[in-house]
Amino acid sequence: MKRLSLKITALCTMAIIVACGGDDMPVNSPEAVGGTQEQMPVAFTIGERQGDENANTRAGFQGEMTTQMLRSTGFGVFAKVNGGSGFDFMTNQYVYYSGSWGYRPLKYWPNYDSKISFFAYAPHITSSEVPYSNETTALANAVTDGKYGILSLPTNSSTEAKIAYRVAASPMESVDLMYGVAAHAYNSTTNAPGVEASSVTAGMPFINMTKQLTGSALTFWFGHALTGLVAYVAVEAENTIDWVRTRVVIEDLTLSSNGQKLYTLGVLNLNNTAAYKPRWEDLSGPVTSLADFIDPRMRYVSGGTFGSQPAMGVSLAPKSLFGQGIDGTSDARMMFIPGPADGLVTFTVKYHVVKADGTDTELVSSATPEITFIPGQTVVLSMHLLVPT
């Protein structure tokens, strides 16, 4: 008898990034920037998603961006004047936290009806840190070159705010890519007097913004663009197992679906078209096997003897299939790019019962739980493997 029981829950473990106050970035008075009311700096802050003012920030997994981590890494802003040829107003502007949110040198709102569009991402990295100059080159070369994480950023001549991204080969090196959108709606009540009113829906990018009220800031809400995956595995035995002479190890965990999938390579377009939803494009590298991510202490050594199999293996107590997180205590979480959320996903695990007498029994079991891969959520797999004795 062979059995795999997958108990699946989808947890919102990737918390909303919230500010600790609405006044994170005080702006300079008119006198401080030239003594005229028209000169008002463009200011940024972060805040809660509209309608979710009571959200809390939880402690994250090893690579998960929390409010504290965002304050440490800062975020990047790209901005272009309507009708311009590229991101001529701001190009990967580093916005940092030092008691309040700020950046240097300051940029000022145009005095009249000039319109500016703003796009943000986190964590910030310098343009010199990315390995490729554009997303097309990144998609064509990243796999061969062994590059991962944020692969490319828009430049001052780019026409669109796109970021190429590749999933890391190890959960220890996962980069939690985030996108910034308007935390609340903007309309005529937020604009400075005498300028054409901006109109932005909560959860959408800041498109065609005109000068805002003196002392106000553009408030970003940062959402997680990736889906998390945590897996636990334990043994269920029909009878008592002689653990001294038995090792249970996993060869592979595969995913198959006629609809929704996880991907390892794609382009995040910061100009999202649905509120509070990341806009992924040019997806490739569908995840069909998680074998490479399995903790070596539980991974089957093909063709190996009993002695060559990892001593830890799988036991009665649940263990993290992907090992430990970067802090050495939390359980590792993989991050993947979510595709369209339609259809069921079948998980199939292949594992071996290897005994000291030389027998190697391969077992395969599958389950199709009702789950959906959603950006900002983590799917938790709980696998209980039956071991005949």
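Keep in mind that what you see is a predicted model, and the values were worked out from it rather than measured.

Engineer: So what exactly am I meant to see when it comes to the overall build of the protein chain here?
Structural biologist: Within the protein chain one finds two helices and 20 strands. When each of the 389 residues of the protein chain is scored for burial, the buried share is 52%. Accessible surface, the protein chain: about 16400 Å² in total, of which carbon and sulfur atoms supply 49%.

Engineer: Just to check I follow, could you spell out helix H2 (residues 135-145) for this structure?
Structural biologist: Structurally, the α-helix is built with 3.6 residues per turn, so residues lying three or four positions apart point the same way. The N-cap of H2, judged by a side-chain oxygen 3.1 Å from the amide nitrogen of Thr136 a few residues on, is Asn134. Phi for Gly146, located one or two positions after H2, is positive at around 70°.

Engineer: Teacher, can you tell me more about the confidence of the model for the protein chain here?
Structural biologist: Atomic detail in the predicted coordinates should be set aside for any region of low pLDDT. For the protein chain, the average pLDDT comes to 83, and 84% of its residues sit at 70 or higher. Overall, residues 7-37 carries pLDDT values under 50, and its contacts beyond four positions in sequence, including any with other chains, amount to 96 contacts. Between residues 53-62, whose pLDDT stays under 50, and residues either more than four places distant or in other chains, the model counts 28 contacts.

Engineer: Just checking my understanding: could you explain the pattern of salt bridges for this structure?
Structural biologist: Once the charged atoms of two side chains with opposite charge are near each other, the side chains can pair. Under the defined criterion, the tally for this structure stands at six salt bridges. Between Asp295 and Arg297 there is a salt bridge, and its shortest N-O distance comes to 2.8 Å. Within the structure, one salt-bridge network assembled from shared partners comprises Glu160, Lys162, Arg279 and Glu281.

Engineer: Explain unusual backbone geometry here, please?
Structural biologist: Where the residue is not glycine, phi is negative for most of them; where a peptide bond is considered, it is trans in most cases. Between Arg104 and Pro105 the backbone carries a cis peptide bond, its omega angle lying at -5°. Note on placement: Pro105 falls in the loop between strand E5 (101-102) and strand E6 (116-122). Along the chain, Ala122 connects to Pro123 via a cis peptide bond; the corresponding omega equals -5°. Within the secondary structure, Pro123 is located in the loop between E6 and H2. You will see that Asn92, though not glycine, has its phi angle at about 50°, which is positive. Along the chain, Asn92 turns up in strand E4 (residues 90-97). Residue classification places Asn92 among the buried positions, given a relative accessible area of 7%. You will see that Asn208, though not glycine, has its phi angle at about 55°, which is positive. Here Asn208 is to be found in strand E10 (residues 206-209). The class for Asn208 is partly exposed, based on a relative accessible area of 30%.

Parameters at a glance
Residues numbered from 1 in each chain as written. Predicted model: local features only at pLDDT ≥ 70, side-chain atom pairs only at ≥ 80, totals over all residues. Heavy atoms only, no water. Helix = DSSP H or I, 4+ residues; strand = E, 2+ residues; numbered from the N terminus. Buried < 20%, exposed > 50% of the residue type's maximum accessible area, 1.4 Å probe, protein only. Areas by Shrake-Rupley, 256 points an atom, 1.4 Å probe, with all protein chains shown as cover. Polar contact = N/O pair within 3.5 Å; in protein donor to acceptor, adjacent residues only side chain to side chain. pLDDT = per-residue confidence, 0-100. Contact = heavy atoms within 4.5 Å. Salt bridge = Lys/Arg side-chain N within 4 Å of Asp/Glu carboxyl O.

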